[in-house]
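If you want the building blocks of each chain, they are given just below.
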Amino acid sequence: MPLSSIMHEMTASDGLRLGYSVDDFSDPWRPRETLILIHAAMGSSRRLYKWIPALSRHFCVVRPDMRGHGRTEIPGPDQLSLTRLTKDVIELADHLGLARFHLAGSSAGSIVAMRTAIDFPERVLTLANFASTPGLKPSNIDMAKWVSGIKAKGFRDFLEETIEERFPNVQDKGFLRWFIDESAKTDVDLFARFGPMMKAVDYTADLHRIKCPMLNVMPGHDPLGSKAQYEVYRQHVPHSEYIWYDGLPHNITDSVPERCAEDLLRFLLKHRAS
Amino acid sequence: MNTFKASDGLEIAYALDDYADPWRPADTVILVHAAMGSSLRFYAWVPHLARDFRVARIDMRGHGATQHPGPGQLSVPRLAQDVVELADHLGARRFHVAGSSAGSTVAAKVAIDYPGRVLSLGAFACTGGIRHSLQDQNSWVKKIGEKGLAAFLRETIADRVDLKSAQPGFVDWFIGESGKTSVAVLEQFVPMMRQFEFVADLPRIRCPTLAVAPGGDPIHTVEQYRVLPERIPSCELVVYDGLPHNITDAVPDRCARDYHAFLLKLRDS
C-alpha cells in the first residue's frame, strides 16, 4: 500500500529542486504552528511517516527530503555542505511563509536541525534532537568503513549484512524489509559525500548559542555514541531536557517511532507559542 | 484532493490519507460527510484512523470539489453507488463505510444495497430517515432561500452545537465551511433526503454496525436513533448525553476514538 502524503516542490536559492511533504489536521480556527522534521541519512522523509498521526492533529508537520535524498535532486559538486543544508531549512520556512517554527531531526537530520538553531536563533521556536551528537566527529561511527563497505557491496547488501546490528530490538520482518528497501534507494556516490561531510563536523563549541527550549531523546545503549558523548548538551545547553530510551540502540526514530512522536508532542505542547 | 469519474460521467473528488505500515495489508475506510460542507468536515478524524487504516473521504455530489449533479443525477442510490465506485477506484473489494447525518443515510444505503462489499457500518447521528424528525427540513430550504445559508446556520446553530462547550472559533469555521454549499444543490438535496425512508430495510444490514447518537438533539429524539440497534441484527448504540445534532463536528476526536476502537475490535477478532 502506498503512503499518502502529497509531495510538494520548491527551488532553493542555488537552483536545486527540493521535495517536501505537508501533513496538517490541526484545527483550522486556531493559530497554526509548524514543525519541520528532518529525516536521518539514507532514505527520505518517508522514514518518518509513523510520526505523523500523533503530531499532525496539533501541528502542521513539514518533512523535507534533504539534498540528494528522496524526491530532492542530487546536489552538484559544490552544492553539498552543512551550511547549505541549514539554508535549505530556512528557505523552506521562507517558502511556506513561516517567521518562526519548531524544528526536530533524527541523527544526521538532527545535526542539520541543531546547526540551524545555532545560526538562525530568531527563527526556531523549539529544537528536538533525536539520537545525535553535535556533528559526527565526536561519534563512534567509522565512516570510512561504512563508505568502503557500501561502495564495495552496494547499499542493499551492506544493509542486509548490518540490519541486525541496527535493529536488535525489532522482530517485525516486514519492517526490516521495508527499511532496507527505502534506505537502498539512496545514491551510493551521494552517501560517499554526505557521510564523510557529517563525520568532519563538530560544533560542540557553538552549542551554548542554543537559547530556545531543547529536547534530547537519546538511545541508552548505542554503539555509535556513548552516554557520555550524548550528554554533552547537559553542559553546553543547561536548560535542555533529556529523555533516555534505556537499552535501545541508535535507530530509535525508526524502531520506536510512536514513542518518539509522543515524547516530541508532549514537549511541543508544553512550549506552544500560542 | 484526488478525483475519479463516476459511471455517469460526474467527476468526484476525494481525499486519501494513509499512514499505515506499507508492508501489511490495511483495510480501507470511506467516510461520508453530512449535508453541507465537504470531506473537510472530517479532518480531525484522520489522525485517529489513518495509522491503522487507509482513509478515503468523499465529497458528495454537489459538495466540496465534486461537480454538481445535473437533472436526474441526484438520488440516494446514486450517492451510494458513488461510494462503491470510489472503493472500486481504490481497488478495495471490501471496505468499512461510515457517515454523519445525511452521510450516514448514504453509508447505510451502501450497506443495504451492497452487503457483499461492506465490512462494517459506522452510523453517526443516523435515524432510519428524516421524514419524522422534529423539524421540517423542507422549511430549512425556504429559510435558506430567504436569508442565505450562513445566516440560517447562525440562527439555528444551537440545534447543532453545544455552545457552552464549543471551542472559540469553531462555530465561525463551521458556518464558513458549511456556508460554501450551493443553495441550488441544497434545494434538491434536502427534499430528497426528507422523503427517503429506509427503516424497513435496516434488517438487511448484515455487517457489524456502530451507531453513535446525540442525546440532546432538537432535530431527532433518542427513540428515533434507537431504531438502528432495534432493527439491525448486529448493532451497538452509543449515546452522547446532552449533545445536539452535529456530534461529528463538535466532538470529532471522541467520535473518531470510538470509531477507531470499534474498527480495531473487528480487525483483531
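Residues numbered from 1 in each chain as written. Chains lettered and ligands numbered in written order. Predicted model: local features only at pLDDT ≥ 70, side-chain atom pairs only at ≥ 80, totals over all residues. Heavy atoms only, no water.

Caption draft 1: Inspection of the pattern of salt bridges at higher detail. Tallying each qualifying case throughout the model produces 48 salt bridges over all chains. The partner of Arg51(B) in a salt bridge is Glu258(A), with the nearest N and O atoms 2.7 Å apart. Here the residue Arg51(B) occupies a position in the loop between helix 1 (46-49) and strand 4 (54-58), and Glu258(A) occupies one in helix 11 (residues 257-270), the pair thus bridging two chains. Its relative accessible area of 13% is what places Arg51(B) among the buried residues. Classification of Glu258(A) by relative accessible area gives partly exposed; the value is 34%. The salt bridge partner of Arg61(B) is Asp82(B), with a shortest N-O separation of 2.5 Å. Here Arg61(B) is found in the loop between strand 4 and helix 2 (76-90), whereas its partner Asp82(B) is found in helix 2, with 21 residues between them in sequence. Overall, the relative accessible area of 0% leaves Arg61(B) in the buried class. Several salt bridges converge on common partners, so that one network encompasses Lys50(A), Asp172(A), Glu258(A), Asp21(B), Arg24(B) and Arg51(B). (Salt bridge = Lys/Arg side-chain N within 4 Å of Asp/Glu carboxyl O. Helix = DSSP H or I, 4+ residues; strand = E, 2+ residues; numbered from the N terminus. Buried < 20%, exposed > 50% of the residue type's maximum accessible area, 1.4 Å probe, protein only.)

Caption draft 2: Quick look at the interface of chain B and chain A. Opposite the 25 residues of chain B that make contact, chain A presents 23 residues. Roughly 2200 Å² of surface becomes buried between chain B and chain A when both sides are summed, with 59% attributable to carbon and sulfur atoms. On the chain B side of the interface with chain A, the three residues burying the most area are Tyr19(B), Trp23(B) and Tyr43(B), jointly 33% of the side's total. Here chain B is connected to chain A by 4 salt bridges. In this structure, Asp172(A) engages Arg24(B) in a salt bridge whose closest nitrogen and oxygen atoms are separated by 2.9 Å. Our count for the contact surface shared by chain B and chain A stands at 9 residue pairs in polar contact (both at pLDDT 80 or more). Ranked by residues supplied to the side of chain B that touches chain A, first place goes to helix 1 of chain B with 3 residues. (Contact = heavy atoms within 4.5 Å. Buried area = accessible area lost by both parts, 1.4 Å probe. Polar contact = N/O pair within 3.5 Å; in protein donor to acceptor, adjacent residues only side chain to side chain.)

Caption draft 3: Highlighting the confidence of the model for chain B. Averaged over all residues, the pLDDT of chain B is 95; the fraction at 70 or higher stands at 100%. Confidence estimates for the predicted assembly give a pTM of 0.95 and an ipTM of 0.94. (pLDDT = per-residue confidence, 0-100.)

Caption draft 4: Seen up close, the sheet that holds strand 2 (residues 11-17) of chain B. Residues and elements named next belong to chain B. The strand order across the open sheet built from 8 strands is 1-2-4-3-5-6-7-8, with neighbouring strands paired in mixed fashion. Each edge of the open sheet carries a strand with a single partner, namely strand 1 (2-5) and strand 8 (235-240). The mean inter-strand angle of the sheet, taken between neighbouring strand axes irrespective of direction, is 20 degrees. Summarising the sheet, strand 3 (residues 28-32) and strand 4 pair through 5 bridges and their orientation is parallel. Looking at the pairing, valine 32 lines up with isoleucine 58 of strand 4. On top of the sheet, helix 2 reaches strand 1, strand 2, strand 3, strand 4 and strand 5 (95-100); it is set at about 140 degrees to strand 4, its chief contact. Packed onto the sheet, helix 9 (residues 222-231) meets strand 6 (118-124), strand 7 (209-214) and strand 8 and runs at close to 155 degrees relative to strand 8. (Pairing = 2+ DSSP bridges. Axes fitted to C-alpha atoms, helices over the stretch in contact; angles between N-to-C directions.)

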